[in-house]
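Survey of secondary and tertiary structure
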Amino acid sequence: MSINGMQRISKLMAQRGMCSRREADEYIRLGLVSLDGTPVTELGTKAWPTQTITLAKEALKQQGNRITIILNKPIGYVSHSVTKAYKPAASLVTRNNYYSSKKSKTSLPKFPIRGLAPAGRLDIESQGLLVLTQDGRIAKTLIGNNSIIEREYLVRVEGSLRKNGLQLLNHGLLLDGKPLKKARVGWQNNDQLKFILTEGKKRQIRRMCELVGLRVTGLKRVRIGRIKLGDLPEGKWRILNDNEHF
């Protein structure tokens, strides 16, 4: 908790979308952060929310060199690897799996690519668009507490939908005792629903469907914000172009 309204500079930088808190601490350690024009020299330095924080050109250059990867995750891989029992999606980021299309404006980066972290989850039984990034700003945009980025899914289901089930899927369900945000859910065909969500609780869609009498038999994420899965083949990855934004 801040004292008299002052907060750690690293926290303020993260709140402003300048970088992650971890990155901010690293920039401060390297002397690349200024407060009202004066270089910050100590980790844990606090500032008023109204003060001006700037990054040195070197830090901005480092951020510009960070890459974000779009991966079409197959079933059987996990977005976050916590044990050796499961294959991490990041293990698919190899030279052989790189996908270059006519639309691509980037070239194959040098290997190994270090510091990639998943910006969001996609469980082992699900497939589709997964974002891996070195950029804390993008991670915050996608998974920060105040993120409003849409995620679109195509979901195959079976079972008997309860009478008001579709209405509840759009709004009115509780998970873990808390109301879910409004969603946009509708039928694509006889056995497939389209979900558009702005939150991503663990196994959310599967649990939502169970509450209204349905069982998910297939789940594919096809869009995050303005970025679509498009023609990216399963198991392949590409780099987010400079002109692409979530």
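Predicted, not measured: the structure shown is a model, and the values here were computed from it.

Rules of the game
Residues numbered from 1 in each chain as written. Predicted model: local features only at pLDDT ≥ 70, side-chain atom pairs only at ≥ 80, totals over all residues. Heavy atoms only, no water. Helix = DSSP H or I, 4+ residues; strand = E, 2+ residues; numbered from the N terminus. Buried < 20%, exposed > 50% of the residue type's maximum accessible area, 1.4 Å probe, protein only. Contact = heavy atoms within 4.5 Å. Areas by Shrake-Rupley, 256 points an atom, 1.4 Å probe, with all protein chains shown as cover. Lys, Arg positive; Asp, Glu negative; His and termini not counted. Charge placed at Lys NZ, Arg CZ, Asp CG, Glu CD. Core = buried A, V, L, I, M, F, W, Y, C linked by side-chain atoms within 4.5 Å. Polar contact = N/O pair within 3.5 Å; in protein donor to acceptor, adjacent residues only side chain to side chain. Patch = residues over 30% accessible without salt bridge, like charges linked within 9 Å, V, L, I, M, F, W, Y side chains within 5 Å. Salt bridge = Lys/Arg side-chain N within 4 Å of Asp/Glu carboxyl O. pLDDT = per-residue confidence, 0-100. Pairing = 2+ DSSP bridges. Arc of directions from axis to C-beta.

Regarding the overall build of the protein
- If you tally the helices and strands in the protein, you get six helices and 18 strands.
- By principal-axis analysis of the C-alpha atoms, the protein measures approximately 65 × 50 × 35 Å.
- Out of the 246 residues belonging to the protein, those deemed buried represent 42%.
- Within the protein, residue pairs in contact and separated by at least 24 positions form 67% of the contacts whose partners lie at least 6 positions apart.
- Surface exposure of the protein reaches about 14,200 Å², of which carbon and sulfur atoms provide 50%.
- Charge separation in the protein, taken as the distance between the mean sites of 44 positive and 20 negative side-chain charges, equals 1 Å.

Here we look at the nonpolar core
- Ranked by internal contacts, the top residues of the largest apolar core, which has 35 residues, are I69, Y153, V155, L169, F195, I205 and W237.
- The set of elements that each furnish at least two residues to this core consists of β6 (68–73), β10 (127–133), β11 (151–159), α5 (165–170), β15 (192–197), α6 (204–211), β16 (214–224) and β18 (237–239).
- Counting 16 residues, the second-largest nonpolar core is a separate cluster that includes L12, M18, V33 and A59.

Thoughts on the side chain of S79
- Secondary-structure assignment places S79 in the loop between β7 (77–78) and β8 (87–88).
- In terms of polar contacts, S79 uses its side chain to reach the side chain of H80, at 3.2 Å.

Here we look at a positive patch on the surface
- A contiguous patch of positive charge on the surface is contributed by R8, K11, R21 and K46.
- Position of K11 among the secondary structure elements: in helix α1 (residues 9–15).
- According to the relative accessible area criterion, K11 is partly exposed, its value standing at 33%.

Section: the pattern of salt bridges
- For the structure shown, the criterion picks out 14 salt bridges.
- D123 is paired through a salt bridge with R206; the nearest N and O atoms lie 3.3 Å apart. Of this pair, D123 sits in the loop between β9 (117–118) and β10 while R206 sits in helix α6, and the two are 83 residues apart along the sequence.
- Between E152 and R223 there is a salt bridge; the shortest N-O distance is 2.7 Å. Taken together, the positions of E152 in strand β11 and R223 in strand β16 put the pair 71 residues apart, joining distant regions of the chain.
- Three or more residues are tied together by salt bridges with common partners; here these are D123, E125, R203 and R206.

Describing the confidence of the model for the protein
- For the protein, the average pLDDT comes to 89, and 94% of its residues sit at 70 or higher.
- Per-residue pLDDT, averaged within each element of the protein, yields its smallest value for helix α3 (residues 57–64) (80) and its largest for β15 (98).

Looking at the sheet that holds strand β3 (residues 38–39)
- Taken in spatial order, the three strands of this open sheet run β3-β2-β5, and their pairing is antiparallel. Each edge of the sheet is formed by a strand with only one pairing partner; in this case those strands are β3 and β5 (53–55).
- Bridge count between strand β2 (residues 33–35) and β5: three bridges; the pairing is antiparallel. Looking at the pairing, V33 lines up with L55 of β5.

Some thoughts on helix α2 (residues 21–29)
- Of all the positions in α2, only E23, A24, Y27 and I28 are classed as buried. Around the axis of α2, the buried residues are gathered within 140° of arc, so they sit on the same side. For α2, exposure combined with an orientation more than 90 degrees from the buried face picks out R22 and R29.
- Lining the buried residues of α2 we find α1, β2, β5, α3 and α4 (136–143).

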